[in-house]
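Here are the chains, one letter per residue:
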Amino acid sequence: MEYRFRDIEKKWQQHWEKTQAYKVSNTSEKPKFYVLDMFPYPSGAGLHVGHPLGYIASDIYARFKRLKGFNVLHPMGYDAFGLPAEQYAIEHGVHPAISTEQNINNFRKQMDNIGFCFDWSRELRTSDPAYYKWTQWIFLQLFKSWFNPKANKAESITTLIGIFENEGSQAEEFTAADWKNFTEKRKQEILMGHRLAYCGIGEVNWCEALGTVLANDEVVNGVSERGGYPVVKKKLRQWYLRITDYADRLLEGLETVEFSDAMKEMQTNWIGKSIGAEIQFPLSISPRRGEEMEEIGAKLKRPGFGYPDYKVDSEMSFENAKRMRREPTEAESILWSALRSKQTGYKFRRQHPVENYIADFICLDVWLAIEVDGGYHTTVEQKEADDIRDSRLKELGFTTLRFTNEEVINKIDIVVETIQQKATELKKTLPPKTIGGPGPSPLQGEAGERVTVFTTRPDTIFGVDFMVVAPEHELIEKIVPANHKLPVEEYITYVKSRSERERIAEKKITGCFTGAYALNPFNGREIPIWISEYVLAGYGTGAIMGVPCGDERDHKFAKHFNIPITNIIGNYYNGEEANATKDAILENSDFLNGMVMRDAIGVVIGRLEDREIGERKVNYKMRDAAFSRQRYWGEPFPIQWKDGVAIPLPESELPLLLPEVDSYSPGPDGEGPLANIPEWVARELETNTMPGYAGSSWYFLRYMDPDNKQEFCNRKVSDYWNQVDLYIGGTEHAVGHLLYSRMWTKCLYDLGLIGFDEPYKKLMNQGMIQGSSRFIYRISWLGVFKPDFDFSKLPIILVSKNFRNSWVHGEKESIEKINDEVQKVLKNAGITSMHTFSISELHVDVNIVDGVELDIEAFKKWRNGEYSNAEFILEDGSVYAPLSPGEPARPSHSDGGLGVRSTYICGVETEKMSKSKFNTVNPDTLVEKYGADTFRMYEMFLGPVEQSKPWDTKGIEGVHRFLKKLWRLFYDEVKGKIWNDGKATDAELKVLHKTIKKIEEDTERFSFNTAVSAFMICVNELSDLKCYKKEILEPLVIMLTPYAPHIAAELYAELAGGEVINASFPKFEAKYVAESSKEYPVSINGKVRTNITISLDVSQQEVETIALANETVQKWLEGKTPKKIIFVKGKMINIVI
RNA sequence: GCCCUGGUGGUGGAAUUGGUAGACACGCAGGACUUAAAAUCCUGUUCGCCGCAACGCGAGUGCGGGUUCAAUUCCCGCCUGGGGCACCA
């Protein structure tokens, strides 16, 4: 009886479906185990051999755990919303729901073929209203929550409202009373700045021609990848998730989960926590002075980029400021107590340095300086000094008010009123502050008066030779003097056409001087402000301080633009490349001179904080997650916009169904397609939809309780199943999906909806299976065609790989050979008008190539006979021409045997597996040919699951042979059943138990490839021993169940009766594999020279004696005495001479 | 550019904690069975040198250094394939 895998597999798959063998209950005495695969997107291309890799791995583990006595949840479903279906809809007019449904059916059919143990009664689809109802519901919970930093967790927004009502907000500068007086709209605006799901303004890549928003990788060199149309940045209202508030918890959580170190590192880097300082650099030229400014700028004749022409003892003014703050005059004290804490409605600072002056009081919001004159201001010299100071302050854009001591002391009310009036007046003349909304851009606030940078190295403050501001920084348009406008605008136009990716990756140094200067806050040194594409508005503050001697990128920038470099680290800087050391002793660094850099960091921060020009700051590279898409095929937001205020729909109205649309094209102004529906717009509903990761951020919870109509998941059920014990998927989800779903889980936990705050306890990464592409080489005709030329007469000539290669390398012989052939063919075809050609490389379907040999006959039938008349120049130079009429069909090379066996050799390259590259291998054809069990085991046998590798079908035969060999331990072709009840020998038991141990260990650590090898070794050894004993075979079959469930079920049913999937994993017994001696490798100076078998229980002394007595050892010793003998018990012996 | 990851025979890979490099399988070569083929079985197979063979010798885990009695494994520098870089999923 032969191994009839097709019958067996069909039989058992039907049996399992009929008996609902994989249906899992939410209540069980057994311990639970949750195995989950990352949500697949049902693409139109169907499954290729890369997809099942992870599913087979999880299936093996799930089945293994079941044999080990666990109640195993192993569900599957579909991340069914997504762009490809929408793109297909735009191109073909098919509703995404329809194409998605078809794709899912196809996926399901393919998966069923492979014999997975999924509990299909729990299948999910994110596009199903019964599912997305709860996605919308969770979104509303996020919308109605804020992150309370004190509690370090999310809370209902009502607790925040309570705080505002009672205390107001210090950070946002309003009192409880203010809050009560705010309009509802204003209150909502403020609350929006705290909601976990919030609305803001964000920039997208907008392609007018395609009428759509593009992903970064769809933008190449400033134009769309599809079509090559121009792309610009467009600001759109967007939803965001406040994931940055969870940054610290996402970092801490990594310590509690079993992810690979690489994965943890990637997430840590993505979050990008860095500790440093935010430093404010005052601007040298006030943006308020407009046109007048450049004249001054020009007049000032700044000496290049070097030091300004006045020198300040900054330590002096700094010390003065501090001392004077400590010892204020009476008048100053009185005025300060009237101005402090925003009593006037304006924020004043006292003894604040402006360049090298120190203003008594200053309000940076309205550019107002207040001077209180003591008696000594009456001298002529002092008067002059005051005038210079006033005019400089005026130059900088400040208005100065002067009061005498007497005025302040006696008429404080009038003084304060005057100040208030002036401030209010100034405020009106100020350019309107841009209200950017609560978007993620950090560029708002008091732009226009100073540049704020974030740095992890405040100790290098005196090495700042330039600043780089993001070209899209709002400050730019305000600070650029007219004579610099043109080049700056040109540069900004260039940057606008670039995707973020391109900007970051650009090796070429680009940038543009803005014509404006900032001042070093400590010594007033002028610092030129540049813009460059490598600084992004979204990172940090959107501006960096350039320290060329300490940072490689800054160094290159300075060198490229000839910006003089200040060396603050002495010998550590060699003038050639930057040195990021923290160990150098600072030079040219004012009050830091002589200090070790790492110590200076804290000192600088202390001074920054003292002088209120900066502060210690934790910065995250991670930005809030953009959570809306201007697309159709996604979850609608349950939000209405009334008078610019977002109103959540009542939960009773969920789900908000995705409406039908006539066209899937975007709406006006880059809005989503939903904006095209009059009724939708009339209801003032949000026209964006949610992104792909919305549904996949919580799906693991829905699997636990998929049919619940009352809640997203019953708490008791989620308490039972708890975390996913094993999550399998690719590293491509390392930072996207995994971080989002971790954040959602933490939110749900904070809100008391689930009982754990990390979704995935253990993560296993599966590698990608790449495609191995094959190429053919076709002669492409170049030449002049007559107008009436009949193109069908043009012959198709294909040359084998080596001919093409040598042709490319210009080898005479090949060129002549190809030329001859070409001329002959052209002549036969009666073509004389052209004679030149090139050779182009074309993908050919890997399925009609055996290794690298093209199956010529199959190729001729490929693509409806496109190449049926092609002529082939084969590897040996012979020509394979089309049949002349009446000539009998020739066998292709693979039919072998007849005539000369020359072949057409294809080119090979490893690429992504993709339909368009004709390198996809469909699992269906392999399952059809070899069976699901062979396919499963072969995918595992290919190598470690977590490693990427190109697919090669060669080798599947070996696994198939193994299963046939296993079968022959049970059945003989002639005799039929051959197993017996005989008592197993020691040798047989040893083979069995060695295998049990290996399979158990390997399965537990996901080393499935070595487990398959162990099965092969076991079957080989049992075959050699001619062991057909039930005592051995039965445990073997149980062990095999996770890997090859069909054949195991069949053999087990015959052998023992019953269902193997409910059996128990065999127990390993050490006594059967115990060894008493070991064949030790004996090395001389680390090189193995011989082997000696020695009992395992002898001492080092005895081993040395035995080893030295050995003949080979004697020979190598050449009479010398060994210096040292190393003996590692059970491992090896090494003799050092 | 930045972050992560891989590189071992003709091929996929093994070597679990620094201890016999190449398990297992493919392919290839030779042989057995057969009229023949398929299927199956047996033998050999890292490279080089010597040799009828056995034995033996040398080199060898991307490249160049280092640590160690001993390195595929640890350290430093480089080359190179793959994944990610925020709207592909």
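Residues numbered from 1 in each chain as written. Chains lettered and ligands numbered in written order. Predicted model: local features only at pLDDT ≥ 70, side-chain atom pairs only at ≥ 80, totals over all residues. Heavy atoms only, no water.

Asks: Where do I start with the overall build of chain A in this structure?
Replies: Regarding its fold elements, chain A presents 38 helices and 40 strands. A total of about 51,900 Å² of accessible surface is found on chain A, and carbon and sulfur atoms cover 50% of it. (Helix = DSSP H or I, 4+ residues; strand = E, 2+ residues; numbered from the N terminus. Areas by Shrake-Rupley, 256 points an atom, 1.4 Å probe, with all protein chains shown as cover.)

Asks: Is there a simple way to think about the sheet that holds strand β24 (residues 726-730) in this case?
Replies: In a beta sheet, neighbouring strands are held together by backbone hydrogen bonds and run either parallel or antiparallel to one another. Strand order in the open sheet formed by four strands is β2-β1-β24-β25, and the pairing between neighbours is parallel. Each edge of the open sheet carries a strand with a single partner, namely β2 (71-73) and β25 (763-766). Pairs of neighbouring strands in the sheet enclose a mean axial angle of 20°, with direction left out of account. Each of β1 (32-37), β2, β24 and β25 is contacted by helix α2 (residues 52-67), which is oriented at about 170° to β1, the strand it contacts most. (Pairing = 2+ DSSP bridges. Axes fitted to C-alpha atoms, helices over the stretch in contact; angles between N-to-C directions. Contact = heavy atoms within 4.5 Å.)

Asks: For this particular structure, what's the right way to read the sheet that holds strand β10 (residues 273-282)?
Replies: What the three strands build is an open sheet, ordered β15-β10-β20; its pairing is antiparallel. Two strands lie at the open edges of the sheet, namely β15 (450-455) and β20 (614-620), each paired on one side alone. Put simply, the sheet's adjacent strands are angled 35° from each other on average, direction ignored. Here β10 pairs with β20 via seven bridges, running antiparallel. Among the inter-strand pairings, E278 is bridged to a residue of β20, identified as E615.

Asks: So what exactly am I meant to see when it comes to the protein's contact with RNA strand B here?
Replies: Within the structure, RNA strand B sits among 69 residues, and A215, E265, R501, L942 and R961 are positioned closest to it. Close to the protein, within 4 Å, the atoms of RNA strand B are drawn from sugar and phosphate at a rate of 60%. Within the side chain of E265, a nitrogen or oxygen atom sits 2.3 Å from a phosphate oxygen of RNA strand B. N1134 is positioned with one of its side-chain polar atoms (N or O) 2.6 Å from a base oxygen of RNA strand B. When residues in the surface near RNA strand B are grouped by element, the largest group, six residues, is from helix α34 (residues 1008-1024). Across the surface near RNA strand B, the residue classes break down as 27 nonpolar, 18 polar and 24 charged. (Near = heavy atom within 4 Å. Polar contact = N/O pair within 3.5 Å; in protein donor to acceptor, adjacent residues only side chain to side chain. Nonpolar A, V, L, I, M, F, W, Y, C, P; charged D, E, K, R; others polar.)

Asks: Explain unusual backbone geometry here, please?
Replies: Glycine aside, residues mostly have negative phi angles, and peptide bonds mostly take the trans form. In the segment running from L654 into P655, the intervening peptide bond is cis, with an omega of 0°. Backbone geometry at N152 places phi at a positive 55°, although glycine is not the residue there. When its relative accessible area of 33% is taken as the criterion, N152 is described as partly exposed. Backbone geometry at R863 places phi at a positive 50°, although glycine is not the residue there. (Buried < 20%, exposed > 50% of the residue type's maximum accessible area, 1.4 Å probe, protein only.)

Asks: Help me out: how do you make sense of the nonpolar core in this one?
Replies: Generally speaking, soluble globular proteins have nonpolar side chains that are buried together. M111, M937, L966, F970 and Y1043 are the most contacted members of the largest nonpolar core, which totals 95 residues. Each of two domains, domain 1 (32-144 + 243-270 + 621-768) and domain 5 (923-1072), supplies a minimum of three residues to this core. Not counting the four nearest positions on each side in its chain, L966 is found in contact with V1019, L1036, L1040, I1047 and L1051. Grouped together as the second largest cluster of nonpolar side chains are 72 residues, L73, Y198, A646 and L654 included. (Core = buried A, V, L, I, M, F, W, Y, C linked by side-chain atoms within 4.5 Å. Domains from an automatic or database assignment.)

Asks: Explain the packing of aromatic side chains to me, please; I cannot follow it from the model alone.
Replies: Two aromatic rings are characterised by how far apart their centres lie and by the angle between their planes. A complete count under the given rule lists 71 aromatic pairs for this structure. Seen from their ring centres, Y55 and F116 are 6.2 Å apart, and the 85° between their planes marks the pair as edge-to-face. Of this pair, Y55 sits in helix α2 while F116 sits in the loop between α4 (96-114) and α5 (129-143); the two residues are 61 residues apart in sequence, bridging distant segments of the chain. What makes Y55 buried here is its relative accessible area of 6%. Between F513 and Y517, the ring centres sit 5.6 Å apart and the planes meet at 75°, which makes this aromatic pair edge-to-face. On the basis of relative accessibility, which here comes to 8%, the residue Y517 falls in the buried class. (Phe/Tyr/Trp six-rings, centres within 6.5 Å; stacked < 30°, edge-to-face > 60°.)

Asks: So what exactly am I meant to see when it comes to the pattern of salt bridges here?
Replies: For side chains bearing opposite charge, pairing can occur when the charged atoms are close. As enumerated under the stated definition, the model contains 41 salt bridges in all. In this structure, K422 engages E425 in a salt bridge whose closest nitrogen and oxygen atoms are separated by 3.3 Å. With a gap of three residues between them, K422 and E425 both fall in helix α16 (residues 412-429), about one helical turn apart. (Salt bridge = Lys/Arg side-chain N within 4 Å of Asp/Glu carboxyl O.)

Asks: Would you mind going over the packing of helix α27 (residues 801-808) against helix α28 (residues 812-828) with me for this structure?
Replies: Angle between the axes and distance between the axes are the two parameters that describe a pair of packed helices. Viewed as axis vectors pointing N to C, α27 and α28 meet at an angle of 115°, and their least axial separation amounts to 8 Å. Compared by their axis directions, α27 and α28 come out roughly perpendicular. As for the relative orientation of α27 and α28, their crossing is left-handed in sense. Only S814, I815, K817 and I818 of α28 make contact with α27, whose side of the interface consists of F803, S806 and W807. (Parallel < 35°, antiparallel > 145°, perpendicular 65-115°, else oblique. Left-handed = near helix turned anticlockwise from the far one by under 90°.)

Asks: Would you explain the confidence of the model for chain A in this entry?
Replies: Predicted coordinates in regions of low pLDDT should not be interpreted in detail. Averaged over every residue, the pLDDT of chain A is 84; residues scoring 70 or more account for 89%. For chain A, per-element mean pLDDT is lowest for helix α11 (residues 290-300), which scores 38, and highest for β2, which scores 97. Within the model, the stretch residues 890-901 combines pLDDT values under 50 with 20 contacts to residues more than four positions away or in other chains. (pLDDT = per-residue confidence, 0-100.)

Asks: Teacher, can you tell me more about helix α37 (residues 1100-1109) here?
Replies: In an α-helix there are 3.6 residues to a turn, and that puts residues three or four apart on one side. Taken as a whole, α37 has its buried residues at V1103, E1104 and A1107. On an axial view of α37, the arc spanned by its buried residues comes to 100°, and they lie on one face. In α37, the exposed positions that point more than 90 degrees away from the buried face belong to Q1101, T1105 and A1109. Against the buried residues of α37 lie β38 (1087-1095), α38 (1111-1117), β39 (1124-1128) and β40 (1132-1136). (Arc of directions from axis to C-beta.)

Asks: What's the story with the pairing of strand β17 (residues 512-519) in this structure? I'm lost.
Replies: Looking along a regular strand, one sees the side chains alternate between the two faces of the sheet. Of all the eight residues making up β17, eight are buried; the element is thus mostly covered by neighbouring parts of the structure. Alignment of β17 against strand β18 (residues 526-531), held across five bridges, turns out to be antiparallel. Bridge assignment links A518 to a residue of β18, and that residue is I527. Where β17 folds back on β18, the antiparallel hairpin that results is connected by six residues, among which G524 adopts a positive phi of roughly 70°.

Asks: Looking at this model, I keep getting lost on the environment of G253. Mind explaining?
Replies: Positionally, G253 belongs in helix α9 (residues 247-253). Sequence-wise, G253 and D757 are 504 residues apart; in three dimensions their C-alpha atoms are separated by 8.2 Å. Here G253 is in contact with R742, K746 and E758, once residues within four sequence places are set aside.

Asks: Explanation requested: helix α6 (residues 157-167) in the structure shown.
Replies: Every buried residue belonging to α6 is among I157, L160 and F164, and all of these are buried. Projected onto a plane normal to the axis of α6, the buried residues spread over an arc of 55° and lie on a single side. Facing away from the buried surface of α6 by more than 90 degrees, the exposed residues are T158, N166 and E167. In this structure, the buried residues of α6 make contact with β3 (145-148), β4 (153-156), α7 (176-181) and α8 (184-192).

Asks: Any chance you could explain a negative patch on the surface here in plain terms?
Replies: A cluster of like negative charges, contributed by D551, E552, E576 and E577, occupies part of the molecular surface. Looking at the element boundaries, D551 is found in the loop between β19 (543-546) and α20 (552-560). (Patch = residues over 30% accessible without salt bridge, like charges linked within 9 Å, V, L, I, M, F, W, Y side chains within 5 Å. Lys, Arg positive; Asp, Glu negative; His and termini not counted. Charge placed at Lys NZ, Arg CZ, Asp CG, Glu CD.)

Asks: Where do I start with the packing of helix α31 (residues 932-941) against helix α36 (residues 1045-1055) in this structure?
Replies: Here α31 crosses α36 at 130°, and the two axes come no closer than 7 Å. Judged by the inter-axis angle, α31 sits oblique to α36. Residue-level inspection shows A932, D933 and R936 of α31 in contact with α36, the latter providing P1045, H1046 and I1047.

Asks: Teacher, can you tell me more about the side chain of Q110 here?
Replies: Secondary-structure assignment places Q110 in helix α4. Owing to a relative accessible area of 2%, Q110 belongs among the buried residues under this scheme. Not counting residues within four places of it along the chain, the set of residues in contact with Q110 comprises G46, L47, N922, P923 and D924.

Asks: Could you clarify how one ought to interpret the environment of S99 in this entry?
Replies: Here S99 lies in helix α4. The spatial distance from the C-alpha of S99 to the C-alpha of Y88 is 8.2 Å, given a sequence separation of eleven residues. In contact with S99, not counting residues within four places along its chain, are A85, Y88 and V94.

Asks: Sorry if this is basic, but what is going on with the side chain of Q723 here?
Replies: With respect to the helices and strands, the residue Q723 is situated in the loop between α25 (715-721) and β24. Separated by 3.0 Å, the side chain of Q723 and the backbone oxygen of E758 make a polar contact. Each residue touching Q723, except ones within four places of it in the same chain, is listed here: K32, Y34, F756, E758, P759 and K761.

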